[in-house]
Every structure is written in structure tokens, then in C-alpha cells.
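For reference, the chains in residue letters:
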Amino acid sequence: IEYYKMTVDYLEPSYVINKFLDAQKIDYLITYLEKIPKNKISDKDHTSLQLNCYVKQKKIAKLEEFVGGNVNHEAFDIETAIKVCKESNRLELAEKLALQCKDIDTYLKIQVEDRQDYRKALRYMKDNLQGDELVKAFKELGQILMKYQGDFAVDVIKSELCGKYEGFKPQEILHIFVENIPKLQDFLEFYIRDHSKSCSSVLYHRLFEVYIEEWAQATIKVEQTKKDYLYQEEINQLESSIMSLLRDPKSLNKYDKTHVLMLFKLYHFSKGILYLYEKMELKQELLEYYMETRNYQNIIGLCKENDGDQDLWVQALTYFVDENNLDKITEMLQILENRDILSPLLVLKILDRNQKLPFSIVKQYIKKKVRVEKQIIEEEEIEVHRSNEKSRKMRGEIRDSQTTAKVFQHSKCNQCDLKLNLPSIHFMCGHSFHEHCLLNEDEKICQKCGPDMTRVLDRKSQYDKKTHDHGQFFRELDGQRVRFNAVVDYFGRGLFSNPENGPI
């Protein structure tokens, strides 16, 4: 072997190594390999082989001398060296080697996986790592650290990442809390409270999930044990936390209401469902929820709050009719008697769904509606009669003006109130003026009636244009509670008239 050692600079080492791979010749192989680093032509495979030979022959002293000495760490495989140290139960050497090579990941894994010294690992992370390095360490080892040193781990995150590191995204390390939900709740409450401006919706959604899962577990325990006094305080506290987070002004635009609503529906959290329905103005969904929970009073209350929504009233009345709830049907009819919401024919059609309804329930409603309709008809007949008389009188005046001579007997000018002198102008409306008293001599218009007539003609022109604007007609039709009213209104304006030739 002494002769082979002299050939290091001239002969390929692998040629010599192959001759000493037998178990009986390992000591000779070690002697040869120890010669190679001194000549600085070794590679990683050679030094890895040398380390394994030390372990095989149990030459621990030489192993410690090799690893702990001032060797060129680039000359051998660090992972292999550390692995060899671990196999020989020399963890302190593995730690030292990892620190010398600045292999932080390996050093932390030794503390966590081999020594189970979780506190030492966290202390090293707190004192020596920051920013991305610290986030990376928590991503890789945070789950087991949170399991055994939850308090210390959360403290490190709060003190070293929250507020100090601007690029910190808490959602990236949420997975480390999977086995320590109480600490997850503590961390989320802290971050949302103190760093609400930088919070993403993911954090809010996760906190809602934590609250609602704990609430569901508590309610299940109550059902199983029948001892609500043991868990009622916890349930009340969780409900208060959920509703406070929902109503917090800082949180309103931070979470997705639809996402949270689906979460509440999944766990049947009624308080949250009702709050979000109202906040999102989901009236139909709110009505359906009241129907599912048979909350009759809230059904009627919701309809009262939304007089303009006919669909709500139709659905509510239909629901009570199908349920054969005579008390609520009577209450609904009493409300409809005094509010012009649904037409009587539509109400009767809905009531006809239940053939078992006694007529006594409908009797009062029909009497009231017939009396109101009769009064409306009488008032409209009076108005029709008045309009007919007015129209007859106007037609008579027009006919007289066309067939009978009109005598003008005014002696004073209606403008200057002086005695009329020629030249003077008389208008068919009965007013007379000096010619020079007319403001516009080119257009002979009565100074008293002209402005009013001009406004009437302009309004009529606008009315005609609006009447034949089909888009406006349909918009008003959709906006009317009783659509027939819009049709009647447009019919009165001349909807079915030709603007050039008169009525069709």
C-alpha cells in the first residue's frame, strides 16, 4: 500500500480503490484514501467512501478528526458526511458540520427529527433567521414544532414575522396549525385585530371555519349528552365571536359574503344565515329560510317590510294556503284589505288552491274589497261625468266660434288699460289690445293667453313624443305595481294613435 500511496499523483485513484474493496482490505483502503485529500485531487465520491470506511471499521476518533478538522467542505458530499455522523450516533458532529457549511435546513432537522429538541430549534430560528429564511423554516418544520411547542412557535411568528417582515403572508403557513387548532384561532384573532389592513380574505374565511366548527362540535355534544348547561356558555361565546366578526366595520369588505354564507348553511348556523341574507338583500332566500324553519311571524314581517315586492306576498299567501294555516291566512287577508298590493282576483285564485278553506275566512276580505271597488267606481263615474260636461261645453264654444259672429265690446286695452283707439286688435279669446301694445308685432299672439297656450302646445308635443317611446313604455310597465295602470295611462295619452293622422 505504501507503493500505491506514492502513485497518487500519477495513477487514477479508482484503479487502486478497486483492488482494496474487499472487507479484509478496508484498513489498507483507508490508508490510501487518507493520502488523497493531502494531495488535493480527491473528489466527493472518494471522501464519502473514506467516511463510510471509518464507520465500517468503527474508527470514531478518526471520523471526529476528519469532520471536525479544517477540511475543505466543498471536497466532499455534506449530506453523506452528516448521514455518516448520524449513523454513528455522533449528532454533535453532524450539528457542527451543518453549521460550518451553513446548512440551516439540515441543522434544524437534526434538532427536530433526531434530538426532538423543538425549543432549541425555535430559539435558533428566532435568533438567527429572518424574512424568507424564517418563513421557509416554518413551512418545512412548523407543523411538528406547533404540535410540541405551540406557545413558543406562535410567539416567534408574532414577534419575528408579524410587523417586522413586510413580505410575510400568513396564509402561506396556515397548514402548520393543522394539529393545534386553538393556536390557529389565537394567531388569526391576533393578526386580524392588529393587522387588519394587510389581511387577505383567506384569513377571515379560515377564522370563520374555526369558529363554526367549534360551534358545531359544541352543539353536537349538547344533543348527545342532553346537558346544555355544560356547553351553553361556550356556544354563546362562539356565536358572539362569529357575529362580532361579521359586523365588524373593518371586516365588511375583507371576506366573501357568498363564501361565508355557504359555510353557515353547511353547519346550519341560523343567526349568521339570517344576517347575511339581510345584508345581501336576498329577500327570496330569506323568505324560503323562514318557510323551511316555519317561522310564520317573520314571514309576514318580511312581507310588510317589502310592500312593493308582489312576489313575496304571493309566495307567502300561497305557503299559508298550502299549509292550511287559517290564522295566518286571516292575518294576511286583513293586511291585504288595507294595502293595495295584490289584485282581489289574484288573491282569490291563490285561495282556490285549498278547497277546504271555509268561506268565512274570505267573506270579510271580499266585502271590504267590493266596497272599496264600488267606491272607486262611483268616484270615477263622477269624474267621467264632470269631464264629459266640460268636453260638451268646450265643443259648444268651438262650434259657436265657427258658426256665429263674435261681438267685441271691450272699450279698454287689456295691456295698458287705456281707452282703445284704432288701430286695435281683437282676439277670439275675448282680449283686445292697441296694436302698438303687442310685444311681438310680427306674430299676433294674445299677451294674456299666449304664454299659457304656448306651454300647452309644447307639453302636448312632448307628450306625443313620450307616448310613442316604446322603451319608456316598457320601463314604466316594469316599474308599476299594477301593470294594467301603465297600459291605461298610455292609452289615455294616445298610445294607439297615429301622430300624423290621429286615432287609428
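Structure: above.
Calculation notes
Residues numbered from 1 in each chain as written. Predicted model: local features only at pLDDT ≥ 70, side-chain atom pairs only at ≥ 80, totals over all residues. Heavy atoms only, no water. Axes fitted to C-alpha atoms, helices over the stretch in contact; angles between N-to-C directions. Helix = DSSP H or I, 4+ residues; strand = E, 2+ residues; numbered from the N terminus. Parallel < 35°, antiparallel > 145°, perpendicular 65-115°, else oblique. Contact = heavy atoms within 4.5 Å. 1 Å grid on protein atoms, 1.4 Å probe; cavity = no way out; pocket = protein on both sides within 12 Å on 5 of 7 lines; lining within 4 Å. Points joined across faces, edges and corners; volume = space filled by probe spheres on them. Salt bridge = Lys/Arg side-chain N within 4 Å of Asp/Glu carboxyl O. Buried < 20%, exposed > 50% of the residue type's maximum accessible area, 1.4 Å probe, protein only. Patch = residues over 30% accessible without salt bridge, like charges linked within 9 Å, V, L, I, M, F, W, Y side chains within 5 Å. Areas by Shrake-Rupley, 256 points an atom, 1.4 Å probe, with all protein chains shown as cover. Left-handed = near helix turned anticlockwise from the far one by under 90°.

A.B. asks: Help me understand the packing of helix α7 (residues 91–100) against helix α8 (residues 104–114), please; the structure alone is not making it clear to me.
C.D. replies: Any two packed helices are characterised by the angle at which their axes cross and by the distance between the axes. Their axes nearest at 8 Å, the elements α7 and α8 cross at an angle of 155°. One finds that α7 runs roughly antiparallel with respect to α8. Contacts between α7 and α8 involve L91, A94, E95, A98 and L99 from the first element and T106, Y107, I110, Q111 and D114 from the second.

A.B. asks: It is not clear to me how the layout of surface pockets should be interpreted in this structure. Could you clarify?
C.D. replies: Any empty space left between the atoms is revealed when a probe the size of a water molecule rolls over them. Reported here for the largest pocket is a volume of approximately 620 Å³. Lining the largest pocket are 21 residues, and of these D340, E373, I376, E380 and N485 lie nearest its centre. Going through the elements one at a time, α20 (326–338), α21 (344–351), α22 (359–403) and α25 (483–493) are the ones with two or more residues in the lining of the largest pocket. Take the lining of the largest pocket: its biggest share by element is six residues, from α22.

A.B. asks: Even after reading the chapter, I still don't get the pattern of salt bridges, so can you show me in this structure?
C.D. replies: Note that side chains of opposite charge can pair when their charged atoms are close. Counted by the stated rule, this structure contains 14 salt bridges. Across the salt bridge formed by D105 and K136, the nearest N and O atoms sit 3.3 Å from each other. You can see D105 sitting in helix α8 and its partner K136 sitting in helix α10 (residues 132–148), a full 31 residues away along the chain. We classify K136 as partly exposed; its relative accessible area is 42%. For R294, the salt bridge identified is with E323, shortest N-O distance 2.8 Å. Of this pair, R294 sits in the loop between α17 (283–292) and α18 (296–305) while E323 sits in helix α19 (residues 310–323), placing them 29 residues apart in sequence. The class for E323 is partly exposed, based on a relative accessible area of 31%.

A.B. asks: Can you walk me through a nonpolar patch on the surface in this structure?
C.D. replies: Judged by side-chain polarity, M453, V456 and L457 come together as a nonpolar surface patch covering roughly 290 Å² of accessible area. Here L457 shows up in helix α23 (residues 450–467).

A.B. asks: Help me understand the packing of α21 against α22 in this model?
C.D. replies: In the contact formed by α21 and α22, the axes pass within 11 Å of each other and the chain directions differ by 165°. With respect to their mutual orientation, α21 and α22 come out roughly antiparallel. When the axes of α21 and α22 are compared, the crossing they make is left-handed. Here P344, V347, L348 and L351 of α21 lie close against α22, whose contacting residues are V362, Y365, I366 and K369.

All quantities given are derived from atomic positions and should not be read as evidence of function.
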